[in-house]
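Descriptive structure summary
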Amino acid sequence: MGRILIQAFLLIALFFGAYNMFRQVDWVNLFEIRQTADKTEKKLGDMLWTIFRKSDREVKDKLLTQSLDSILVKLCDRNDISKESIKLHILEKDEVNAFALPDGHLIIYTGLIAVCENPEELAGVMAHELAHIELDHVMKKLVKEIGLSVLVSMTTGSGGGEIAREVARTLSSSAFDRKQEKEADIAAVDYMATADIDPKPFGEFLYRLGGKNGRMSEYLSWLSTHPDSRERGEYIIGYAEEKSYEAKPVLGGETWSRIKGELAEE
Amino acid sequence: MIAVRPFPYKPGDHEKEKASNSYLMSLIALIAGLPLPIVNLIATFFFYLGNRNGTYFVRWHCIQALLSQLSLLFMNSYGFWWTISILFRDGQVTNDYIAYMITIAMFNLVDFAATIYTAIQTRKGRHVEWLFYGDLTNRLVRPVR
């Protein structure tokens with residue numbers, strides 16, 4: 001029996017020894033897997049953004065774009081996120097929605113900006129979507145729901161436009177899983193605290209939206225893709241209280257009033 | 001790793017063929033059911049069931065073929081589900097995954113070569129014992145007294 005055990009041990013040691021040895025090699029770089037994955041993500045991102053750009057009008061107004069860009073710069077700079085990797089787009093649409101696409105495309109509808117009561121709430125939503133991008137949730141979600149082979153075939157030309165539209169719909173109107181949402185919430189609070197933006201309004205925003213019902217809720221797409229908003233609002237506020245930060249206004253009061261004024265006019 | 005050992009008696013032609021077939025069975029099933037790692041195990045298991053009342057030489061080699069497939073089953077199943085999770089969940093090919101796939105490919109290849117070699121030797125009536133599996137089979141299979 002002892003002999004058999006020694007031989008079994010020898011085989012197991014051989015297996016794990018070989019495995020450990022092969023693990024030392026950086027295969028991902030050797031086979032250029034990362035580069036290929038990045039290329040696929042870039043193509044997917046461009047493809048999906050084209051779909052949204054065609055269906056809705058992109059807002060080019062300087063006040064809006066520059067203001068949102070300044071919030072994004074604040075969030076990125078203090079959190080060591082490359083601003084160049086994030087492509088911020090504002091689309092004119094009443095729907096209360098914001099979402100991330102592959103390759104760092106962050107889309108915000110004017111409807112969402114309109115329901116924010118202060119710029120910190122908007123910064124919270126942006127930080128949350130930024131977290132989805134930084135934590136690679138977007139590609140993980142697509143692989144899970146669409147499948148890697150379909151995504152690759154889409155970018156290599158054999159996939160039809162119908163699949164691309166389905167992917168676009170998945171990203172703009174279906175939720176990430178609870179674990180990923182919580183991760184993004186926590187990361188958003190961290191990003192905001194590091195950038196000296198008060199994260200509590202973000203929690204309050206979720207809490208407030210969670211209380212909406214009836215006709216109004218039809219427009220709250222962001223709410224339907226982010227369930228349990230009240231509960232989440234509560235733990236975001238709880239988590240924010242544990243953080244230390246020096247809350248500074250993310251946008252000037254006057255700028256915010258002008259943005260709200262412009263949106264109300266439209 | 002593999003050794004030709006003396007066997008208590010000289011197997012007949014019919015026995016040699018059956019014993020050799022038990023290895024061939026696992027090879028054919030391996031090729032036929034490549035993506036699903038369990039097919040070769042099931043095939044060798046049914047081959048054993050069909051020959052469990054066979055002679056000592058036949059039973060011995062059926063069991064060795066079966067056992068060698070069993071450890072491959074664990075390795076390959078893990079690799080199989082890891083691949084599935086990459087395709088449908090994570091989408092992340094990591095260094096660990098590639099290292100694991102290379103390792104199991106290597107073990108499968110060694111097993112493949114050893115199986116062919118053993119099938120040929122057994123057909124010639126030579127008794128081939130594998131490291132670990134040979135001793136384990138000796139404990140499990142006894143000659144009928």
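Scroll up a little and you will see the structure.
Keep in mind the model is a prediction, meaning the values are calculated, not measured.

The rules we used
- Residues numbered from 1 in each chain as written.
- Chains lettered and ligands numbered in written order.
- Predicted model: local features only at pLDDT ≥ 70, side-chain atom pairs only at ≥ 80, totals over all residues.
- Helix = DSSP H or I, 4+ residues; strand = E, 2+ residues; numbered from the N terminus.
- Buried ≥ 20, exposed ≤ 12 C-beta atoms within 10 Å, placed from the backbone.
- Contact = placed C-beta atoms within 7 Å.
- Core = buried A, V, L, I, M, F, W, Y, C linked by C-beta atoms within 7 Å.
- Nonpolar A, V, L, I, M, F, W, Y, C, P; charged D, E, K, R; others polar.
- Pairing = 2+ DSSP bridges.

**Structural notes on the overall build of chain A**
When helices and strands are tallied, chain A shows 14 helices and four strands. Counting across all 266 residues of chain A, residues that qualify as buried make up 37%. The long-range fraction of contacts in chain A, counting pairs at least 24 apart against all pairs at least 6 apart in sequence, stands at 72%.

**Description of the nonpolar core**
Within soluble globular proteins, side chains that are nonpolar generally end up buried alongside one another. Residues and elements named next belong to chain A. Among the nonpolar cores identified, the biggest contains 58 residues, and Ile108, Ala123, Ala127, Leu130 and Met192 are the most heavily contacted of them. Top contributing element to this core by residue count: helix H6 (residues 119-134), with eight residues. Leaving out residues up to four positions away in the same chain, leucine 130 has contacts with Leu75, Ile81, Ile86, Leu106 and Tyr191.

**With respect to the interface of chain A and chain B**
A common way to state how big an interface is: give the accessible area lost once the parts meet. Contacts between the two partners involve 21 residues from chain A and, on the opposite side, 20 residues from chain B. Counting residues per element, the ones that place at least two in the side of chain A that touches chain B are helix H1 (2-23), helix H2 (27-30), helix H7 (137-145) and helix H8 (148-155) of chain A. In terms of residues, the side of chain A that touches chain B owes the most to one element, H1 of chain A, which gives 10 residues. Grouping the amino acids of the side of chain A that touches chain B by side-chain chemistry returns 13 nonpolar, three polar and five charged.

**A look at the sheet that holds strand E1 (residues 57-58) of chain A**
Residue and element names in this part refer to chain A. Spatially, E1-E2-E4-E3 is the arrangement adopted by the four strands of the open sheet, whose pairing is mixed. With partners counted over all chains shown, the strands left at the sheet margins are E1 and strand E3 (98-101), one partner each. Pairing between strand E2 (residues 87-92) and strand E4 (residues 105-109): five bridges, direction parallel. Bridge assignment links isoleucine 90 to a residue of E4, and that residue is isoleucine 108.

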